[in-house]
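Architecture at a glance
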Amino acid sequence: MRLAFPAHRYRQEDIVAEFTAMCLPGEHPGREVFTRFGRTTGVQTRHLALPLEQYAGLTGFTQANDAFIEVALELGEAALLAALDAAGIRPDEVDLIATTSVTGLAVPSLEARLALKAGLRPDVKRLPLFGLGCVAGAAGVARLHDYLRAWPDQVAVLLAVELCSLTVQQEDTTHANLVASSLFGDGAAAVVMVGAGRAADTPGRPRVLSTRSRLYPDTEQVMGWRIGSSGFRIVLSTEVAPIAERFLGGDVRGFLGEHELDPAQVATWVCHPGGPKVIDTIERVLDLPADALLPTRRSLADKGNLSSVSVLDVLHEAMAAAPPSGEPGLMIAMGPGFCSELVLLRW
């Protein structure tokens, strides 16, 4: 797998200062709160789709979405071709390509616009995914695993592209919009997967053993978008960490137990960096050692929350570390629904 990021990278304090001036002009009473929150997110740097000074000039959804399509195609192609090259697979060997993004709209979808340009076959199967948000990196890996169980001699690719900065609402002074403006970043990731008939024991490349999806009751308003004339208006409640506190420990232990494992036996944790409180909650409910989620914290600090791309960024670091052969790993992500996705791995 490989990742691609925009060339525009900024320190957290510079982004927060610019977005504060843009969203809270003058002597708005929320300026101090926004600035203070920006210092507590755990984020140090972020990549942005556009140069920072251009965001104030975005006049509406049409302009922002046009920018999304242009930058998403550039990053998507770079990540896709780099991932195929790293896997030693030609573009015309890909049988299925799934794309996921929840920060822009494109019809034809991204993979349709990229397919022939990138050298994919005209008969490649396409699976555009929308609406999964932060959970989509793990869910996409899980769904490709399902597909490859039926087609074990085939190749499938997941392409995730998220340009969260382009969804910032300049006239939205709600807490949710200010939190999102302080937390989310931009990037793309591509994961190449092969069925059991093509698989080879390659150091650093995990196998998917099993997956589990979970929807939580009465949580539809916890996270998502309200999409209207101004574009993507964030829905983000304070209930994310409490839901993880209530459900995630039992879900993970039950899932692992079906494979005669418990959290103490998981050598590699590949967790989506939803934010400091969510990371702390996952550590607590699973009784994890202090260093178990360091890759997750590093991803958040270096790049911000990349929505669906984040858990794949953490997976990329885990693969580079090449855990000992035979060791189990667990991928965890949560997102709109409200839901979680668990993917059991073995290196």
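Residues numbered from 1 in each chain as written. Predicted model: local features only at pLDDT ≥ 70, side-chain atom pairs only at ≥ 80, totals over all residues. Heavy atoms only, no water.

A few words on the packing of aromatic side chains. What characterises a pair of aromatic rings is the spacing of the ring centres plus the angle enclosed by the ring planes. Applying the stated criterion across every chain yields a total of four aromatic pairs. An angle of 80 degrees between the planes, with centres 5.3 Å apart, marks the rings of Trp225 and Phe232 as edge-to-face. (Phe/Tyr/Trp six-rings, centres within 6.5 Å; stacked < 30°, edge-to-face > 60°.)

Attention shifts here to the UniProt feature "active site" (unreviewed entry) in the chain. UniProt tags Cys134 as "active site" (unreviewed entry). Note on placement: Cys134 falls in the loop between strand 5 (125-129) and helix 5 (136-150). With relative accessibility at 6%, the residue Cys134 sits in the buried group. Those residues in contact with Cys134, other than ones at most four positions away along the chain, are Phe184, His272, Asn305, Ser307, Ser308, Ala333, Met334, Gly335 and Pro336. (UniProt positions renumbered as here; feature names shortened; annotations may be inferred. Helix = DSSP H or I, 4+ residues; strand = E, 2+ residues; numbered from the N terminus. Buried < 20%, exposed > 50% of the residue type's maximum accessible area, 1.4 Å probe, protein only. Contact = heavy atoms within 4.5 Å.)

With that settled, consider the pattern of salt bridges. A complete count under the given rule lists 19 salt bridges for this structure. A salt bridge links Asp92 to Arg90, with the nearest nitrogen and oxygen atoms 2.9 Å apart. Judged by relative accessible area, which is 34%, Asp92 ranks as partly exposed. Taken together, the salt bridges that share partners define one network made up of Arg90, Asp92, Glu93 and Arg198. (Salt bridge = Lys/Arg side-chain N within 4 Å of Asp/Glu carboxyl O.)

On to the side chain of Thr100. Relative to the helices and strands, Thr100 is located in strand 4 (residues 96-100). On the basis of relative accessible area, Thr100 is assigned to the buried category, the value being 3%. What Thr100 contacts, discounting residues up to four positions off in sequence, is Leu129, Ala136, Leu158, Leu159, Ala160, Val161, Glu162 and Ser308.

In the numbering used here, UniProt assigns the "domain: Chalcone/stilbene synthase C-terminal" (unreviewed entry) feature to residues 212-346. Spanning residues 212-346, this segment combines 39% helix with 27% strand, and its end C-alpha atoms are found 15 Å apart.

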